[in-house]
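Residue strings, one per chain:
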Amino acid sequence: VLFAVATYFLEVYTICRIVNQTKSSLKPTLNIPYRLPIAVVHPQTTADLAENPTVQAIELGCTVFLVDEDALPYFLDHYISIHDETLFRRPEKYVLVPVQSTGETQTSLMKTVQNHPSLEEIANLLLVVPNGTKFELITHRYVGNAPESLDWIHLDSYDPETESFTAGADLFPDKMRDLMGKTLKVATFYLLPWSMMRQTDEGIVRYLNQQYTIDGLDGYILIQFCLWYNCTWELYCDQANQYGQVFPNRTGNGMIGALVERKVDFAIGAVGGWYQLFQYFSFSNPVQWIGITCLTPRPGLIEYWRIVFMMFAGSVWGILILTFILVSLLQYLLPPPDLPEEHTQRSFSWIVINLLCAFLLLPSELRRNRLSDVIISTTLSIFTITLAYVYIGKIHSILAFPVYEPPIDTILDLAVSGITWNAPHEAWMYALVGTENPNVQKVLTTFRVPPIEDIPAIADHGEEAIIMALLNYGHSMVGTWFDKKNIENFRLMTELLYFEYDTGYATKTWPLLDRFDWLAMWIRDACLFQYVELVDVYRYMNYWVQTSIAHSKDRPQNLLRIMNVEEISGGLLLLGIGLTLAIAVFVVEVGVAVFRKTMVYRWICLRWKIMKRNCRNGVNFRRSSSSQ
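Here is a short report on the structure shown in this document. (Residues numbered from 1 in each chain as written. Predicted model: local features only at pLDDT ≥ 70, side-chain atom pairs only at ≥ 80, totals over all residues. Heavy atoms only, no water.)

Comments concerning the state of the cysteines
Move 1: All told, the structure shown has two disulfides when counted by the stated rule.
Move 2: Across the disulfide, cysteine 16 is cross-linked to cysteine 62 (sulfur-sulfur distance 1.9 Å). Measuring the twist about the S-S bond at about 100 degrees, one finds the cysteine 16-cysteine 62 disulfide to be right-handed. You can see cysteine 16 sitting in strand E1 (residues 14–18) and its partner cysteine 62 sitting in strand E3 (residues 62–67), a full 46 residues away along the chain. As far as the burial class goes, cysteine 16 and cysteine 62 line up, both buried.
Move 3: Each sulfur in the disulfide pair cysteine 226 and cysteine 231 lies 2.4 Å from the other. Looking down the S-S bond of the cysteine 226 and cysteine 231 bridge, the torsion is -100 degrees, so its handedness is left-handed. (Disulfide = S-S within 2.5 Å. Helix = DSSP H or I, 4+ residues; strand = E, 2+ residues; numbered from the N terminus. Buried < 20%, exposed > 50% of the residue type's maximum accessible area, 1.4 Å probe, protein only.)

What follows is the structure in structure tokens.
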């Protein structure tokens, strides 16, 4: 044991020695003379697993466990639950067990250890078993499937008298170089273009007792992993729940639910390093970049009647209306010029219409009899001409090109618009939870997860945003609810909602995670994902949808066309409002004229005259009384 510790673990961060405190006096003490970072742990059961000494020792960085014989049952029974509670994780773990018993006790112990389910989670196991004057160094096969994977393998023998090994073998051989067909369990679901299951006669994936292969960006890694390390995947697929959920009692559904319940060893399928799930799983190294954005409703043409009012800002229109009213009142209140007796003071309505003609550059009658009139008329003419030409220039420049509504290009635009953005699963917004950005917080209030069968109808209507992803090499990840017809109703946002990296999830005790990381990095560095993305996108996804998304921000050609009714809709609207108002006023005037010919009107007028006469007589009487 001392030789193994000194030879293989001089560079480890911490070594955990698991000692049963209640029985420590019944066996010789194992002294380690080397100055190594060793944490001595006494197994004990605590109400809160986080306060367990073994958990606390692992949090210090323990990856090597030196377990005494009498503490071994406790260690194996709690190996999984203890590691599930820790935040520190490393897939490469070593377990050394110095066996001190002999005879039947030793045989019973070896059989108990061999049949323990935790042994499937421990690849590097070394038992030092006394055999007469020598010590046998034994491990388990691990590779292959049970019961062969549980067979004991004799590594070497150690003679204390000569202080030498018989064969000088590696005490921790690399068992994972060739897994010899070992069955590993993986969870994923059908997701374009990441994992597409396809039945075949020579597949290395088993699902429902049939052979499959998996295409796609993540499927390619899974297939290459088993080709490289000689293993087989047993697939778990919950298509209805997709990513799934994890509940506080460590149960769940979908892909991540199967992993947290340890129905599988590994899960992958376009998942990022989500903080909410970090406490439950070990994350692989980032595999490749993913950008998350939205397809938003394509901006439509602005109605022509609105263009009439878009030339000036609301403040400018307010100033113009106020100016019109003030000038009208000024012209009405100014003393009239010296006119012949047959001319009378102009009415206020005439002044308003005359001033409106001046604003519209129509013939109007200007006051010019006095110097003050000339100044007002000159100033008004300069103002109206300047204003009219500015308006005409603006409206001609705008009508030269089609005028569209402002697009939704950024997170701020999406927040201001207030439109709903849809996703097939709530996992699409996990990366945004907890943000302090007020725009993102507002956007999260409009996030919705409709039933998947309703998303095609939402895409056909084209009135709500739908989430999508940009792949590392320029293609788009969109659902099958888009086709070459309804994709024309959408436009790709310029700004990403967020970006993340495709990551694999594993249980905290899966010993093959570092091998997966190595292979994934090798594939990425060799740029093989670029080829896989190109092939799978064009094999499984709609070419017209991909092309339409890539060109969704292109402006249509501005072709010359004749004027139609829509372009004069603004003028027709104003004319219609004016005619409607004039007819309504005319009806009121006719009603008043008819009313004046009735007996009721005459009776009201007579009563009014009597009241006025009585009031006048009363006033005269009071005046005469006061004078006397």
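Things to note about the pattern of salt bridges
Think of it this way: side chains of opposite charge can pair up when their charged atoms draw near.
Move 1: For the structure on display, the rule yields 12 salt bridges.
Move 2: Where arginine 491 meets aspartate 409, a salt bridge forms, and the shortest distance between an N and an O atom there is 2.3 Å. A residue pair is termed long-range when its members are at least 10 positions apart, and arginine 491 in strand E23 (residues 490–492) and aspartate 409 in the loop between helix H11 (371–399) and helix H12 (411–417) qualify at 82 residues.
Move 3: You can call aspartate 409 buried: its relative accessible area is 15%.
Move 4: Put simply, glutamate 464 and arginine 448 hold a salt bridge, and the shortest N to O gap is 3.0 Å. Within this pair, whereas glutamate 464 is found in the loop between helix H14 (455–461) and strand E21 (465–470), its partner arginine 448 is found in strand E20 (residues 447–448), the two being separated by 16 residues in sequence.
Move 5: For glutamate 464, a relative accessible area of 23% corresponds to the partly exposed category.
Move 6: In this structure arginine 448 comes out as partly exposed when scored by relative accessible area, which is 33%. (Salt bridge = Lys/Arg side-chain N within 4 Å of Asp/Glu carboxyl O.)

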